[in-house]
Amino acid sequence: FNAHHDTHDVFVLQVAGVKHWQVFEPVIELPLSSQPSSGFPPEVLHSGEPVLDVDLRPGDALFPPRGWRHAARTADDRSIHLTVGV
């Protein structure tokens, strides 16, 4: 997944395999549903150093709050995560 922010809180639960996640500080504090990350160019969404750079393994969880930019990538192996938005 390319870097983006959600306009709601999300919980990420890693189910199978390994997925690498990066979390970046927000561009907009607490964005509203009318302020999606699709309105920003990719160089803005990928700017700055990640505040979290981690591999999630089965049973791990991640909570990127509303507005925090995040990106995920996997190797060639199968990787499954479940995202719960609130």
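About the criteria used
Residues numbered from 1 in each chain as written. Predicted model: local features only at pLDDT ≥ 70, side-chain atom pairs only at ≥ 80, totals over all residues. Heavy atoms only, no water. Helix = DSSP H or I, 4+ residues; strand = E, 2+ residues; numbered from the N terminus. Rg over C-alpha atoms; globule rule 2.2 N^0.38 Å. Buried < 20%, exposed > 50% of the residue type's maximum accessible area, 1.4 Å probe, protein only. Contact = heavy atoms within 4.5 Å. Pairing = 2+ DSSP bridges. Axes fitted to C-alpha atoms, helices over the stretch in contact; angles between N-to-C directions. Core = buried A, V, L, I, M, F, W, Y, C linked by side-chain atoms within 4.5 Å.

Once that is clear, we can look at the overall build of the protein chain. From N to C terminus, the protein chain includes one helix and six strands. Reading the helices (α) and strands (β) of the protein chain from amino to carboxyl end gives β-β-α-β-β-β-β. Taken over C-alpha atoms, the radius of gyration comes to 13 Å for the protein chain, in line with the 12 Å a tight globule of 86 residues would show. Going through the 86 residues of the protein chain one by one, you find that 30% of them count as buried. In the protein chain, the proportion of contacts linking residues at least 24 apart, taken out of those at least 6 apart, comes to 91%.

Now for the pairing of strand 2 (residues 19-24). Counted residue by residue, strand 2 has five buried out of six residues, so it is predominantly covered. Sheet topology places strand 2 next to strand 3 (residues 52-56); five bridges connect them, and they run antiparallel. Within strand 3, the residue paired with K19 across the bridge is L56. Of the strand pairs in this sheet, strand 2 and strand 5 (residues 69-74) are connected by six bridges, and their pairing is antiparallel. By the bridge assignment for strand 5, K19 is matched with T74.

Strand order in the open sheet made by the three strands is 4-1-6, with antiparallel pairing throughout. Sheet topology places strand 4 (61-62) and strand 6 (80-85) at the edges, where each strand pairs with a single neighbour. With six bridges connecting them, strand 1 (residues 10-16) and strand 6 associate as antiparallel partners. Paired with A16 across the strands is I80, a residue of strand 6.

It is worth spelling out the sheet that holds strand 2 at this point. In spatial order, the strands read 3-2-5; together these three strands make up an open sheet with antiparallel pairing. Whereas interior strands pair on both sides, the edge strands pair on one side only; in this sheet they are strand 3 and strand 5. With strand direction ignored, the average angle separating the axes of adjacent strands in the sheet is 20°.

This part takes up unusual backbone geometry. The phi dihedral of L30 is positive, around 50°, even though this residue is not glycine. By the element assignment, L30 lies in the loop between strand 2 and helix 1 (42-45).

Judged by nonpolar contacts, V12, W21, V23, L56, L62 and A72 together constitute the single largest core of six residues. Contact partners of A72, with chain neighbours within four places excluded, come to F1, K19, H20 and W21.

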